[in-house]
Amino acid sequence: MTFDLPEAVADSWRPLGTRTGETSAMLASITAETTVYERVTPAAGVAALEASDIPARSLFVVDVTVSPSPDDLGLSTTSVFSKAAPKAKDQFVDTLESEGLTVGGTRNSLEFEASNGNGGSWYVLDVGYPVDGETDEEPDRIDAEAHVAVWPLESTFGMAGGVLPLEDGVRAETADSPSPNGGLDIDPERDRETIAQLIRTVDFDGDASDAS
């Protein structure tokens, strides 16, 4: 399933692919199908620099399926949210790590009000993003961060966020002789605002469409 992005970011981003993972919470299994989005016009040279199929600057929207649903168990999504949200976050961490990123931990977590009026949880994760080095050994890593927000919907959960780089991927043998591998266009505040726009405006009821 691919979601139509909100108008605020739709013109600049396009779907790149999906990843599916499963976890469990209480008596239910949670399947998360993550659609990754990339910039329509990434900076020159970025593709050669990145050593993961998830771009260093990316957005994601997650289609969450809970089986059996909270309704089937006689529960509401809000009543089980405190158990489900950390599990959903952990599944996102697994997705990042399966694509070669390292997650150092949760730097910050906060409560927020989602567009449907429900209270949600927003996590900021410290990430090491892999970039191609000059050998065939383990890739170098640059500091990055990932945002993932989770909130209750009527019968499941909304989930969205993104990844952003905090430093360039330039390699340099000396300080006066930089490698030409840079080009990540570092602007954390801009990227955080883009991710926030997605989280604040994505519509799981009206914007989901079957991929074909």
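Above: the structure in question.
Reading the values: rules and limits
Along every chain, residues carry numbers that run from 1 in the direction the sequence is written. Only residues with pLDDT of 70 or above have their local features reported here, since the model is predicted, and side-chain atom pairs are shown and tallied only from 80 upward, although totals for entire chains, interfaces and linings are computed over all residues. The basis for every side-chain value is the complete set of non-hydrogen atoms in the structure, without hydrogens or water. Salt-bridge detection follows one rule: a side-chain nitrogen of Lys or Arg within 4 Å of a carboxyl oxygen of Asp or Glu. To qualify as a helix, a DSSP run of H or I must reach at least 4 residues; to qualify as a strand, a run of E must reach at least 2; elements of each kind are numbered from the N terminus. When a residue's accessible area, from a 1.4 Å probe over protein chains only, is under 20% of the maximum for its type it is buried; when over 50% it is exposed; and in between it is partly exposed. Any two residues having at least one pair of non-hydrogen atoms within 4.5 Å are treated as being in contact. Multiply 1.5 Å by the residue count of a helix minus one, and that product is the helix's expected span. In protein, a polar contact means a hydrogen-donor-capable atom and an acceptor-capable atom, both N or O and within 3.5 Å, with residues adjacent in sequence counting only if both atoms are side-chain atoms; elsewhere, any N or O pair within 3.5 Å suffices. The set of buried Ala, Val, Leu, Ile, Met, Phe, Trp, Tyr and Cys residues whose side-chain atoms join them within 4.5 Å is what this entry labels a nonpolar core.

Draft legend 1. Representation of the pattern of salt bridges in the model. Considering all chains together, one arrives at 11 salt bridges under this definition. In this structure, the salt-bridge partner of Glu99 is Arg19, at a minimum N-O distance of 3.1 Å. Of this pair, Glu99 sits in the loop between helix H3 (81-98) and strand E5 (102-113) while Arg19 is found in strand E2 (residues 13-25), placing the two residues 80 residues apart along the sequence. Summarising the burial analysis for this pair, Glu99 and Arg19 share the class buried.

Draft legend 2. Representation of the environment of Gly100 within the structure. Positionally, Gly100 belongs in the loop between H3 and E5. Assessed through its relative accessible area of 28%, Gly100 is described here as partly exposed. A C-alpha to C-alpha distance of 6.0 Å links Gly100 and Ser52, two positions 48 residues apart in sequence. Once residues lying within four places of it in the same chain are set aside, the contact partners of Gly100 are Pro130 and Arg141.

Draft legend 3. Structural view of unusual backbone geometry. For the bond running from Ser67 to Pro68, omega is -10°, close enough to zero to count as cis. Along the chain, Pro68 falls in the loop between strand E4 (58-67) and H3.

Draft legend 4. How the structure looks around H3. For H3, spanning 18 residues, the distance from its first C-alpha to its last is 25 Å, which sits close to the expected 26 Å at 1.5 Å a residue. Listed as buried for H3 are Phe81, Ala84, Ala85, Ala88, Lys89, Gln91, Phe92, Val93, Thr95 and Leu96. Looking one or two residues beyond H3, the residue adopting positive phi is Gly100, at roughly 95°.

Draft legend 5. How the structure looks around the side chain of Arg19. A residue is classified by how much of its surface remains accessible, and Arg19, at 15% relative accessible area, is buried. A polar contact is formed between the side chain of Arg19 and the side chain of Glu99, at a distance of 3.1 Å. Those residues within four positions of Arg19 in sequence are excluded, and the remaining contacts are Ala32, Glu33, Thr34, Val36, Asp53, Ile54, Thr95 and Glu99.

Draft legend 6. Local environment of the nonpolar core. Membership of the largest hydrophobic core comes to 35 residues, with the highest contact counts inside it found for Leu96 and Leu125. Of all the secondary structure elements, the ones that give two or more residues to this core are strand E3 (28-39), helix H2 (46-49), E4, H3, strand E6 (119-131), strand E7 (140-152) and strand E8 (157-165). A total of 7 residues in this core trace back to one element, the largest contributor, which is H3. Ignoring any residue separated from it by four or fewer positions in sequence, one finds Leu96 in contact with Ile54, Leu101, Val103, Val127, Ala146 and Val163. Ranked by size, the runner-up nonpolar core spans 22 residues in total, among them Phe112, Trp122, Ala196 and Phe204.

Treat this as a map of the structure, not an account of what it does.
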